[in-house]
Amino acid sequence: MNKKRKNIFFSILAIILFIGIAGSGIVYYYLFYPQFHPSKTTYIYIDRDDTTDSIFNKIKKQGNPHNFDGFKWMAHFREFSKNIHTGRYAIKPGDNAYHLYSRLSRGYQTPVNLTIGSVRTLDRLARSIGKQLMIDSTEIATALYDPAFQEKMGYTKATMPCLFIPETYQVYWDISIEDFFARMKKEHNKFWNEDRRLKAKTIGMTPEEVCTLASIVEEETNNNDEKPMVAGLYINRLHTGMPLQADPTIKFALQDFSLRRITNQHLSIQSPYNTYLNTGLPPGPIRIPSPKGLDSVLNYVKHNYIYMCAKEDFSGTHNFASNYADHMVNARKYWKALNERKIFK
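Residues numbered from 1 in each chain as written. Predicted model: local features only at pLDDT ≥ 70, side-chain atom pairs only at ≥ 80, totals over all residues. Heavy atoms only, no water.

Quick word on the overall build of the chain
The helix and strand tally for the chain stands at 15 helices and six strands. Counting all 345 residues of the chain, 44% fall into the buried class. Across the chain, every contact between residues at least 6 apart in sequence was considered, and the portion connecting residues at least 24 apart equals 65%. Split by element, the accessible area of the chain, about 18900 Å² in all, is 52% carbon and sulfur. (Helix = DSSP H or I, 4+ residues; strand = E, 2+ residues; numbered from the N terminus. Buried < 20%, exposed > 50% of the residue type's maximum accessible area, 1.4 Å probe, protein only. Contact = heavy atoms within 4.5 Å. Areas by Shrake-Rupley, 256 points an atom, 1.4 Å probe, with all protein chains shown as cover.)

Written out as structure tokens, the structure is:
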């Protein structure tokens, strides 16, 4: 090979090498160089109605990309429109197009923290879940109020709240309604282990009855230290055949939770939840009790109190009494405090 041909050969080789390096650099920049720069890890939510374009808009809005072309090229050539997966996906500071696209196209989503709250009604529960998951609140409510579904889960309309254990759970945002209820059943069974079931049996209650009493206890006091005392009082009443006479059950019967003072007019309401007219427990819980509330019943304090009245200092705690005369002394102090504050309803 003469000198001229060598020069041509090396020139061509240099051009090819340059093109290769330049091409590699371009590929690296658009696909592997950090392109997304949110101030912190952020998330996009892809639901059933999302399209490629709507997902692009969500990524651009949340991901603060310096350059979006690489991601769009991958989406086009790998037919992202045929691989859209619902869910919650993270966009991290310094993410590149390749990693973000791989995450979305393969459905590698990030779980959400689902909080089941200690709410008073199934409607409120459904709305709360609907705000946290892709499942629509009406879909949840429909299931909760469906007699066939209630029977399938082992509950009635009144006891359905007993399924739920208020806690924060990690789930996928696009969890199906079937998987959601299966998870709640699993968590319920996990809470109601052999030890707790044995304690309930010793008291003479089913888990649903414990749940019902715990809901009343939690409506009576927010003080966790006092809950086992209140539980013990109501258990004393149950064991002696006395009506519970729990004001919170009247509020539930009236569906008026704003009442601060229960009057004789309120006590006349005809309802199975009126524990002034009916002995024993109401048909079901008047709220979804917390684990603390449930355990306060299972580990109730044994004492001889059968009366209690809110303290006149409005501390949220109670004065307890073992006889009616002492109870009336406590009650008059509380009524006086109500009147001084002009609280009449």
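Examining the environment of Leu 244
By the element assignment, Leu 244 lies in the loop between helix H11 (227-240) and helix H12 (247-254). Residues Leu 244 and Leu 281 lie 37 residues apart in sequence; the distance between their C-alpha atoms is 7.5 Å. In contact with Leu 244, not counting residues within four places along its chain, are Ile 216, Tyr 234, Arg 237, Leu 238, Thr 275, Gly 280, Leu 281 and Pro 282.

Quick word on the nonpolar core
By size, the foremost hydrophobic cluster in this structure holds 62 residues, and its most contacted members are Phe 164, Phe 180, Phe 181 and Tyr 234. Considering each element in turn, this core owes the most residues, six residues, to helix H10 (residues 207-220). Contacts of Phe 180, omitting those with residues within four sequence positions, involve Leu 114, Ile 116, Ile 129, Leu 133, Ile 135, Ile 140, Phe 164 and Ile 175. (Core = buried A, V, L, I, M, F, W, Y, C linked by side-chain atoms within 4.5 Å.)

Things to note about a negative patch on the surface
A cluster of acidic side chains, namely Asp 136, Glu 139, Glu 178 and Asp 179, defines a negative patch on the protein surface. Relative to the assigned elements, Asp 136 resides in the loop between helix H5 (122-132) and helix H6 (137-144). (Patch = residues over 30% accessible without salt bridge, like charges linked within 9 Å, V, L, I, M, F, W, Y side chains within 5 Å. Salt bridge = Lys/Arg side-chain N within 4 Å of Asp/Glu carboxyl O. Lys, Arg positive; Asp, Glu negative; His and termini not counted. Charge placed at Lys NZ, Arg CZ, Asp CG, Glu CD.)

Brief notes about unusual backbone geometry
Phi is positive for Asn 64, which is not a glycine, with a value near 45 degrees. Structurally, the position occupied by Asn 64 is in the loop between helix H2 (52-63) and helix H3 (69-77). The class for Asn 64 is partly exposed, based on a relative accessible area of 41%. Unusually for a residue other than glycine, Glu 79 sits at a positive phi of about 50 degrees. Its location among the elements puts Glu 79 in the loop between H3 and strand E2 (87-91).

Some details on the pattern of salt bridges
Applying the stated criterion across every chain yields a total of nine salt bridges. Two residues, Asp 295 and Arg 196, come together in a salt bridge whose shortest N-O distance is 2.9 Å. With Asp 295 in helix H14 (residues 291-298) and Arg 196 in helix H9 (residues 194-203), the pair connects residues that are 99 residues apart, well separated along the chain. Here Asp 295 falls in the partly exposed class, since its relative accessible area comes to 22%. For the salt bridge of Glu 219 with Arg 287, the shortest nitrogen-to-oxygen distance reads 2.4 Å. Placement of Glu 219 in helix H10 and of Arg 287 in the loop between helix H13 (264-267) and H14 is noted, with a sequence separation of 68 residues between them. According to the relative accessible area criterion, Glu 219 is buried, its value standing at 19%.

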